[in-house]
Amino acid sequence: FAQVSNPPIDYIREALVTTLETRLGPQRNLLAESPAHARQVVCEQPTLTDEQAAALGRLGAATDGDLTSTTLDTTFPVDETDLEAAVADLRDRAADAVRDGTDVLVLSDRAENADRAAIPALLATAAVHTGLVERGLRAKTGLVVQSAHAREVHHVACLIGYGAGAVHPYLAYDSVRELV
């Protein structure tokens, strides 16, 4: 996120390298080309609206054999589990979902309440990303983070840097609606 560059970046003439477009789903061999390479969700930017996040959550509901998604809860019961065990469980659930054919994993902390604590979004994202890399599964799925923890541009940038392909900062949207 450099704000000043020398020479200046010309985002109009260099649109190919300055695009915010992101693709979610399995990544195929970069040295080959097939129709399967196009089997991805293309987002104009990595920050998803409520409607886009809802549409991702419905992937696979159609019977046409298109992409599928699985939402993984990143919260855990505070009186039964500690953070370390919750992170290990999340990594295992993510790997199982990818092995079962999930094309897009959504990590969500929406179930957070007085009894359920959320794994911090950066920790959950990094744990799932590295867990999938270690198991040789990362290229088989896209990763979306749906989190109240993402409230600023920097938070979204960090989540992307830690492995997310897109972020749904639902609390930020809810806060703006409340203010309006």
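The coordinates are above.
Now for a look at the structure at hand. None of these values were measured; they are calculated from a predicted model.

1. Quick look at the sheet that holds strand 3 (residues 69-73)
1) Next: What the four strands build is an open sheet, ordered 3-5-7-8; its pairing is parallel. A single partner strand is all that each edge strand has here, and the edge strands are strand 3 and strand 8 (166-168). In this sheet, neighbouring strand axes are inclined to one another by 20° on average, regardless of whether the strands run parallel or antiparallel.
2) Next: Examined bridge by bridge, strand 5 (residues 104-108) and strand 7 (residues 142-146) share five bridges and lie parallel to one another. Paired with valine 106 across the strands is valine 144, a residue of strand 7.

2. A few points about the nonpolar core
As a rule of thumb, nonpolar side chains are buried together in soluble globular proteins.
1) Next: One finds Leu90, Leu105, Leu107, Ile119, Val128, Leu132 and Leu159 to be the most contacted residues of the largest nonpolar core, which totals 25 residues.
2) Next: Elements with a minimum of two residues in this core: helix 3 (83-99), strand 5, helix 4 (121-134), strand 7 and helix 5 (153-161).
3) Next: Here the element with the most residues in this core is helix 3; it accounts for seven residues.
4) Next: Leaving out residues up to four positions away in the same chain, leucine 132 has contacts with Ala94, Ala95, Val98, Leu105, Leu137, Arg138 and Thr141.

Rules of the game
Residues numbered from 1 in each chain as written. Predicted model: local features only at pLDDT ≥ 70, side-chain atom pairs only at ≥ 80, totals over all residues. Heavy atoms only, no water. Pairing = 2+ DSSP bridges. Helix = DSSP H or I, 4+ residues; strand = E, 2+ residues; numbered from the N terminus. Axes fitted to C-alpha atoms, helices over the stretch in contact; angles between N-to-C directions. Core = buried A, V, L, I, M, F, W, Y, C linked by side-chain atoms within 4.5 Å. Buried < 20%, exposed > 50% of the residue type's maximum accessible area, 1.4 Å probe, protein only. Contact = heavy atoms within 4.5 Å.

So, to be careful, I would describe these as geometric facts and stop short of saying anything about function.
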